[in-house]
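# Observations on the model geometry
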Amino acid sequence: MKPTYTRRAFLKGVAAGVATATTPTFLSGCAGEPTPPPKPIGRVIVIGAGYGGATCAKYIRMWSERKIEVFLIERNVQFVSCPLSNLVLGGSRKIEDLTIGYDKLREYGVQVLRDEATEVLVEKRRVRLKHIEDLPYDRLVVAPGVDFIYGEIPTLNNPAAQSLILHAWKAGPETVALRKQLEAMHDGGTYIIAIPRAPFRCPPGPYERACQVAHYFKQAKPASKVLVLDANEDLVSKKGLFLAAWNDLYKGMIEYRPNQEAKDVDVKGMTVKTEFDSFKGDVLNVLPPMRAGDIAAQAKLITANNRWCGVNWQTMESVAVASVYVLGDATLSAAAMPKSASMANNHAKIAASAIVATMTGQPVNPLPTINNACYSYVSDREAMHIASVHHWVPEKKTLEPVAGAGGVSPQRSELEKRYADAWARNIWADTLS
Amino acid sequence: MKAATRFAAAILVGVSFAALAQTYPNMGRDLAAACAICHGTSGVNTGGMPNLAAQPKDYLVRQLQDFRDGKRPATVMQQISKGLTDEQIDAVAAYFSAQTVRETR
């Protein structure tokens, strides 16, 4: 995991520090820039280049007219989309279809560093990195996504068990590995997905995954079953639409068991244990309970239930640490706000707007309004959506869903599948190019 | 800093959205950014969605009103447009109409 730049060359570039930073263009990957970049008025570091962080980096550069220097720290070489990754399990997409480089962000002058933030030194306003010297910042954006609370599923609390019992809840190698497990399973076998208590990343995701695995079984091994063990008392998203899809498309293939929280796993016996029951399967897909990513915990940004980061929803600034902004799944969600890609992308714009405004002495948006659009694919042909609009309510100092707006599809359709594909193309471009 | 002072004054007297929007110059830009999840940055579609950039403002206002009033059929847009006030529709339509189709960087 070596970064592509040398330490010496890099340090030369950043030695000037924040105030006088004359940022070299060698990291921007855009040597032929027609005009010299304006003198920076300050520096933002963004940790994490997912739907939240990458979008925020791009929009800060756009809206500050390149006056704010932006470093984007990401440990992965490429972006892999979680949305649509269930289609890799279903077989209608390849992981390569969902994999995008960060090169286009460099055209905005975003300095993408392949590295890992290991510590935030809040008092010094510096970020400690794995491969290079600390970097100072004027504003910090933390967009780490989720990490897993393996302690609540004791047997899985070690790397060996985790390599056998996958979550595949971060798209990438695990997605491909889970697909291989499904391919290797005999016809007549059982795939078990265990869903943790809400809130978790992507509320409709587990039910969509049940559809996609059933879709694959229907083509390749029709005697097989999908068993959904849900820690929640009912489906937490798009309930009517999913139940209709299960009944219409996969009758007799998907069994749904509410109030079945995975407490442990017998890896050798391939069994998921809940409070009173045990369920034996052939492929186990256990989603552990989730919390804000590790760096948020290290930076003491977690304020709720040891899990999520409280923010001021007008600006996305942390309620715990000044000048640090938190985006996406890591946040303590506002009322009726899902942990979705669309939301993370729009959190990023609230933050970018507020950061550019405060760093240039302008007023912040008095009434931010954002929206969510989230599609679920029930097969290779049909999809459905949920949508909502969230606006700032000054009296309550939070974002709330606008009454009367939003809703779900009346029914799944091929038209909405085309819109889902179009959503993906556009949000990928909006986030990364 | 003048804008910040005007803004603070507006808050103090508890003014309407329209007045707030006047004190905040980027209302249309910020609203349009939220639409980009489906319609692309600055309303420049990159495949499969209606392009919003550089459309005439009156046309965009009419479409949003028609979605909101249920006059134009849609999957998502009737639900989203109901979340927008007249002032927001005006601001976002003005922003999109001022964009060029070719994305600027």
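Residues numbered from 1 in each chain as written. Chains lettered and ligands numbered in written order. Predicted model: local features only at pLDDT ≥ 70, side-chain atom pairs only at ≥ 80, totals over all residues. Heavy atoms only, no water.

As a further point, take the sheet that holds strand S14 (residues 264–266) of chain A. Residues and elements named next belong to chain A. The sheet built from three strands is open, its strands ordered S14-S15-S16 with antiparallel pairing. Each edge of the open sheet is held by one strand with a lone partner, namely S14 and strand S16 (278–280). Adjacent strand axes in the sheet meet at a mean angle of 20° when their direction is disregarded. Inspection of the sheet shows strand S15 (residues 271–273) paired to S16 by three bridges, in the antiparallel sense. Directly across from Lys273, in S16, lies its bridge partner Ser278. (Pairing = 2+ DSSP bridges. Helix = DSSP H or I, 4+ residues; strand = E, 2+ residues; numbered from the N terminus. Axes fitted to C-alpha atoms, helices over the stretch in contact; angles between N-to-C directions.)

Let's shift gears to the side chain of Ser64 of chain A. Residues and elements named next belong to chain A. Topologically, Ser64 is positioned in the loop between helix H2 (51–63) and strand S2 (68–74). Polar contacts involving the side chain of Ser64 include one to the main-chain carbonyl oxygen of Ile60, which spans 2.8 Å. Setting aside its immediate chain neighbours within four residues, Ser64 contacts Tyr59 and Val356. (Polar contact = N/O pair within 3.5 Å; in protein donor to acceptor, adjacent residues only side chain to side chain. Contact = heavy atoms within 4.5 Å.)

Contacts between chain A and chain B engage 46 residues on the former and 36 residues on the latter. For the pair chain A and chain B, the summed buried surface comes to about 3,400 Å²; carbon and sulfur atoms form 60% of the total. Where chain A packs against chain B, one counts zero salt bridges. For the interface between chain A and chain B, the tally reads 19 residue pairs in polar contact (both at pLDDT 80 or more). Of all the secondary structure elements, the ones that give two or more residues to the side of chain A that touches chain B are H2, helix H10 (341–359), strand S24 (369–377), strand S25 (383–393), strand S27 (407–408) and helix H11 (414–432) of chain A. In terms of residue count, H11 of chain A provides more of the side of chain A that touches chain B than any other element does, 10 residues in total. Looking at the side of chain A that touches chain B, its residues break down into 22 nonpolar, 17 polar and seven charged. (Buried area = accessible area lost by both parts, 1.4 Å probe. Salt bridge = Lys/Arg side-chain N within 4 Å of Asp/Glu carboxyl O. Nonpolar A, V, L, I, M, F, W, Y, C, P; charged D, E, K, R; others polar.)

The next subject is the packing of aromatic side chains. All names here are of chain A. Applying the stated criterion across every chain yields a total of eight aromatic pairs over all chains. Taking 5.0 Å as the distance between ring centres and 80° as the angle between the ring planes, the aromatic pair formed by Tyr51 and Phe79 counts as edge-to-face. Pair noted here: Tyr51 is in helix H2 and Phe79 is in strand S3 (residues 79–80), with a separation of 28 residues, a long-range link. Phe79 shares its class with Tyr51; the two are buried. Seen in terms of ring centroids, Tyr59 and Trp63 are 5.0 Å apart; in terms of plane orientation they differ by 80°. Their pairing is edge-to-face. One end of the pair, Tyr59, and the other, Trp63, are both in helix H2, four residues apart, so they sit about a helical turn from each other. No difference in accessibility class separates Tyr59 from Trp63, as the two residues are buried. One aromatic cluster in this structure is built from Tyr207, Phe242, Trp246 and Tyr256. Its guanidinium or amino end placed over the ring of Tyr216, Arg179 lies 4.2 Å from that ring's centre, counting from NZ or CZ. (Phe/Tyr/Trp six-rings, centres within 6.5 Å; stacked < 30°, edge-to-face > 60°. Buried < 20%, exposed > 50% of the residue type's maximum accessible area, 1.4 Å probe, protein only. Lys NZ or Arg CZ within 6 Å of the ring centre and 35° of its normal.)

The next thing to look at is the confidence of the model for chain B. All names here are of chain B. Per-residue confidence for chain B averages 85 on the pLDDT scale, and 75% of its residues sit at or above 70. In the model, residues 8–14 has pLDDT below 50 throughout and makes four contacts with residues more than four positions away in sequence or in other chains. In the predicted assembly, ipTM is 0.90 and pTM is 0.91. (pLDDT = per-residue confidence, 0-100.)

The next thing to look at is H11 of chain A. A turn of α-helix holds 3.6 residues, and therefore any two residues three or four places apart point the same way. All names here are of chain A. Look at H11: 27 Å from first C-alpha to last across 19 residues, which is about the 27 Å you get at 1.5 Å a residue. Burial analysis of H11 places 14 of its 19 residues in the buried class, which makes it a mostly covered element. Where H11 begins, the capping side chain belongs to Ser413, and its oxygen is found 3.0 Å from the backbone nitrogen of Glu416. (Expected span 1.5 Å × (residues − 1).)

Time to look at the sheet that holds strand S13 (residues 254–257) of chain A. Residue and element names in this part refer to chain A. Ordered by their spatial adjacency, four strands build an open sheet running S13-S12-S11-S17, and the pairing between neighbours is parallel. For this open sheet the edge positions go to S13 and strand S17 (283–286), each flanked by a neighbour on one side alone. Averaged over all pairs of adjacent strands, the angle between their axes in this sheet comes to 15°, without regard to strand direction. Of the pairings in the sheet, the one linking strand S11 (residues 190–195) to strand S12 (residues 225–230) comprises six bridges and is parallel in character. If you follow Thr190 over to S12, its bridge partner there is Lys225. Here helix H6 (residues 173–184) sits on the sheet in contact with S11 and S17, set at roughly 150° to S17.

It is worth spelling out the confidence of the model for chain A at this point. A residue-level look at chain A finds 91% of positions with pLDDT of 70 or above and a mean pLDDT of 93. For the stretch residues 1–31 of chain A, pLDDT sits under 50, and the model shows 50 contacts to residues farther than four places along the chain or on other chains.

This part takes up the state of the cysteines. Residues and elements named next belong to chain A. One pass over the full model with this rule turns up zero disulfides over all chains. Of all cysteine sulfurs, the one in Cys56 lies closest to Cys309, which takes part in no disulfide; the gap is 15 Å. Cys374 takes part in no disulfide bond, and the closest cysteine sulfur, belonging to Cys202, lies 5.6 Å away. With a relative accessible area of 11%, Cys374 lands in the buried category. (Disulfide = S-S within 2.5 Å.)

As a further point, take the pattern of salt bridges. All names here are of chain A. Within this structure, the stated rule accounts for 26 salt bridges over all chains. A salt bridge links Arg126 to Asp134; its shortest N-O distance comes to 3.9 Å. A residue is classified by how much of its surface remains accessible, and Arg126, at 27% relative accessible area, is partly exposed. One network of salt bridges, in which partners are shared, links Glu119, Arg126, Arg128 and Asp134.

What follows concerns the environment of Gly50 of chain A. Residues and elements named next belong to chain A. If you trace the backbone, Gly50 turns up in the loop between strand S1 (42–47) and H2. Once the C-alpha coordinates of Gly50 and Asp97 are considered, the two residues, 47 residues apart in sequence, prove to be 16 Å apart. Those residues in contact with Gly50 that sit more than four places away from it in its chain are Thr55, Glu74, Phe79 and Thr431.

Another point: the pairing of S24 of chain A. All names here are of chain A. The element S24 is extensively covered by neighbouring structure, given that nine of its nine residues are classed as buried. Along S24, one buried face is formed by Thr369, Asn371, Ala373, Tyr375 and Tyr377 and the opposite face, lined by Ile370, Asn372, Cys374 and Ser376, is buried too. Pairing analysis gives nine bridges linking S24 to S25, with the strands arranged antiparallel. By the bridge assignment for S25, Asn371 is matched with Val389. Counted between consecutive antiparallel strands, the loop separating S24 from S25 contains five residues.

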